[in-house]
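# Analysis of the macromolecular model
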Amino acid sequence: MHPAWFHIDNEADIPSPALLFYRSRIEHNLRLMIQIAGDAKRLRPHVKTHKCAEIIAMQIEMGITRFKASTIAEAEMCAAVGATDVLLAMPCVGINAHRLAELAQKFPETQFSSIADAEETIRFLASAAQQHQVTLGVFLELDCGMSRTGIVPGDEAAVLAHVMKDTPMLQFRGLHAYDGHIHDESLDVRRERCDAAFEAVVQFRCRLQGEGIVVKELVAGGSPTFGIHAGYADRTLSPGTTVLWDFGYGDKYPGDLPFQPAAVLLARVISKPGKNRITLDLGHKSVAPENPHPRVRFIELPDATAVMQSEEHLVLETERAHEFVIGQALHGIPRHVCPTVSMHGEAYVISGGKTTERWPITARNRLITV
């Protein structure tokens, strides 16, 4: 019988709990991202999902050279691997503006940009750029309905765009609009909501261009609306979860986003406390705990019910408990892969049914050198 896709010949050598990256599946997902985008040059994938330099290197090898990040450490990781263009999609205030400017000094071959939605943020960036004698890019952060950061397209937003354009040491790069509030299961509903949310964004871009401001780039969307934005040639696409995928998105979008789960959690049975129960060494320090159970779906035991989880333990209830012995390994796909990955210092890379190397989760830490 052919072994299951998650089979590992030397699994006994892997301590649990562990994060596993399946290389062939990551490669599949990257190829599918490029296929949906139509061209690797249209992609500016978010690195927050994996925070891993080796995956950045895989993307660069496939022709993806621009990236989006959430932290200074992620931005530094991208540049260190060879990214030519990094957008920090987080307003840089206080010392973080100076850290971004220091990155621009340290990696002169990489173009660094950040977002801003207020004059105060623009001043932070400009002051840091002037002090370090570098030019920083800046994208106007637009609120297209999520109301987390950003400014609604309109007169005030236009004033900010002009301020950005006219501020020394800053280069106005374009617009950034994230529609993370749109994650309906129905593709038709998602498309309708996405198009409605971006109507004002597109009109605003036309307004700025009419006022003499060159909008070189419109960075749009995340993973759920990735395929929708891909249908508009004037947008740069920034999905993140698509690289590793999880069952949270996999259950919702099997039709239009057929990515493969490429990150798996390895856990082992450490106790059998009573009838129909098994305890695994997979607490909420090893898998993202912000969602209700099931936070992880075990491939060998998909119908098990989580009845208790603490820092290092997960108790499952199942009528199949008698089938499992203490020390037996189970393989689970997380509901939310992004924060799950950041709980691990490294990933065991599975290739050809074996693990031969470990990849550090490079940007797990908030600070690398800057």
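This section reports on the structure supplied with the text. The structure presented is a predicted model; accordingly, all values stated were derived computationally and were not measured. (Residues numbered from 1 in each chain as written. Predicted model: local features only at pLDDT ≥ 70, side-chain atom pairs only at ≥ 80, totals over all residues. Heavy atoms only, no water.)

### Quick word on the sheet that holds strand β2 (residues 66–69)
Quick note on the threshold: One bridge is not enough; two strands pair if DSSP finds at least two bridges between them. A run of H or I in DSSP counts as a helix once it spans at least four residues, and a run of E counts as a strand once it spans at least two, with each numbered from the N terminus. By definition in these notes, contact holds between two residues if any of their heavy atoms fall within 4.5 Å. Lines fitted to C-alpha atoms define the axes here, with helix axes fitted over just the stretch in contact, and angles between the N-to-C directions of these axes take values from 0 to 180 degrees.
The strand order across the open sheet formed by seven strands is β2-β3-β4-β5-β6-β7-β8, and the pairing between neighbours is parallel. For this open sheet the edge positions go to β2 and β8 (236–237), each flanked by a neighbour on one side alone. Both strand β6 (residues 170–177) and strand β7 (residues 217–220) contribute to a ladder of four bridges, which runs parallel. Across the sheet, L175 pairs through a bridge with L218, a residue of β7. Packing against the sheet, helix α5 (residues 119–132) makes contact with β4 (111–116), β5 (136–142) and β6, and its axis sits at approximately 155° to β4.

### So, the side chain of T49
We count it as follows: Residues adjacent in sequence count toward polar contacts only when both atoms are side-chain atoms; beyond that, a polar contact is any pair of N or O atoms within 3.5 Å, and within protein one must be able to donate a hydrogen and the other to accept it.
With respect to the helices, strands and loops of the structure, T49 is situated in the loop between α1 (23–37) and α2 (53–61). Reaching out from T49, the side chain makes a polar contact with the backbone nitrogen of T241 at a distance of 3.3 Å. When residues no more than four places from it in sequence are discounted, the contact partners of T49 are G240, T241, L244, V337, C338 and V341.

### So, the packing of aromatic side chains
The cut-off we apply is this: By convention, a stacked pair of Phe, Tyr or Trp rings (six-membered ring in the case of Trp) has centres within 6.5 Å and planes under 30 degrees apart, an edge-to-face pair has planes over 60 apart, and any other such pair is tilted. Each residue's exposure class comes from its accessible area (1.4 Å probe, protein chains only) as a fraction of the maximum for that residue type: buried when under 20%, exposed when over 50%, partly exposed otherwise.
Taken as a whole and judged by the stated rule, the model has six aromatic pairs. Taking 6.5 Å as the distance between ring centres and 65° as the angle between the ring planes, the aromatic pair formed by F21 and W359 counts as edge-to-face. Taken together, the residues F21 in strand β1 (residues 18–22) and W359 in strand β16 (residues 354–360) connect sequence positions 338 residues apart. Each of the two residues, F21 as well as W359, counts as buried.

### Section: the pairing of strand β10 (residues 277–280)
Two strands pair when backbone bridges link them, and strand β9 (residues 263–271) and β10 are joined in this way by two bridges, in the antiparallel orientation. In the sheet register, V269 faces β10, and the bridge partner there is L280. Hairpin connection between β9 and β10: a loop of five residues separates the two successive antiparallel strands, and G274 in this loop has a positive phi of roughly 100°.

### What to know about helix α7 (residues 187–210)
Stated precisely, the cut-off is as follows: A helix is expected to reach a length of 1.5 Å times the quantity of its residues less one. To obtain the bend at a residue, axes are fitted to the seven residues ending there and to the seven starting there, and the angle between these axes is taken.
Taking 1.5 Å of rise per residue, 24 residues should cover 34 Å, and α7 covers 33 Å from first to last C-alpha, within 8% of that figure. For α7, the principal kink sits at F198 and spans about 35°. Turning to α7, its buried residues are R190, C194, A197, F198, V201, F204, R205 and L208. Turning to α7, the residues buried within the fold contact β5, α6 (155–166), β6, β7 and α8 (226–230). N-capping of α7 is provided by S186, with a side-chain oxygen placed 3.4 Å from the backbone N of D188. Phi turns positive one or two residues past the end of α7, at G212, with a value near 90°.

### Things to note about the packing of α1 against α2
Rule in force here: Each angle is binned into one of four classes, with values under 35 degrees roughly parallel, values over 145 roughly antiparallel, values of 65 to 115 roughly perpendicular, and all other values oblique. Helix crossings get a hand from a simple test, with the near helix turned counterclockwise from the far one by less than a right angle marking a left-handed crossing and a clockwise turn marking a right-handed one. For this classification, the nonpolar set comprises Ala, Val, Leu, Ile, Met, Phe, Trp, Tyr, Cys and Pro, the charged set comprises Asp, Glu, Lys and Arg, and every other residue, Gly included, is treated as polar.
Packing of α1 against α2 brings their axes to within 11 Å, and their N-to-C directions diverge by 45°. Between α1 and α2, the angle is such that the two are oblique. Crossing of α1 against α2: the hand is right-handed. Residue-level inspection shows R23, I26, E27 and L30 of α1 in contact with α2, the latter providing I55, M58 and Q59. Taken together, the residues that form the contact of α1 with α2 break down as four nonpolar, one polar and two charged.

### Looking at the pattern of salt bridges
So the rule is basically this: For this document, the term salt bridge refers to a Lys or Arg side-chain nitrogen within 4 Å of an Asp or Glu carboxyl oxygen.
With the rule as written, the count across this model stands at 22 salt bridges. Residue K106 pairs with E76 through a salt bridge whose shortest N-O separation is 3.5 Å. Here E76 lies in helix α3 (residues 72–81) and K106 lies in helix α4 (residues 95–106), a separation of 30 residues in the sequence. Given a relative accessible area of 3%, E76 falls into the buried group. R173 is paired through a salt bridge with D85; the nearest N and O atoms lie 2.8 Å apart. Here D85 lies in strand β3 (residues 85–88) and R173 lies in strand β6, a separation of 88 residues in the sequence. Judged by relative accessible area, R173 falls into the buried class, the value being 7%. The network of salt bridges with shared partners includes R44, R66, D85, R173 and E217.

### Some remarks on the pairing of strand β14 (residues 329–334)
Burial analysis of β14 places six of its six residues in the buried class, which makes it a mostly covered element. Residues A329, H331 and I333 line one face of β14 and the alternating positions L330, G332 and P334 line the opposite face, and both faces are buried. The pairing of β9 with β14 spans four bridges and is antiparallel. What sits directly across from R268, in β14, is A329. Taken together, the three bridges between strand β11 (residues 296–298) and β14 define a ladder with antiparallel strand orientation. Paired with F298 across the two strands is G332, which belongs to β14.

### Observations concerning the nonpolar core
Where we set the bar: Within this scheme, the nonpolar core is defined by two criteria: the residues are buried Ala, Val, Leu, Ile, Met, Phe, Trp, Tyr or Cys, and they are joined through side-chain atoms within 4.5 Å.
Counting 106 residues, the largest nonpolar core has F21, I26, F112, L136, L140, L244 and F298 as the members making the most contacts within it. Ignoring sequence-local partners within four residues, the contact set of F298 consists of A267, L280, L282, L314, L316, L330, H331 and G332. Counting residues in hydrophobic clusters, the runner-up holds 11 residues, among them I14, Y22, L266 and A329.

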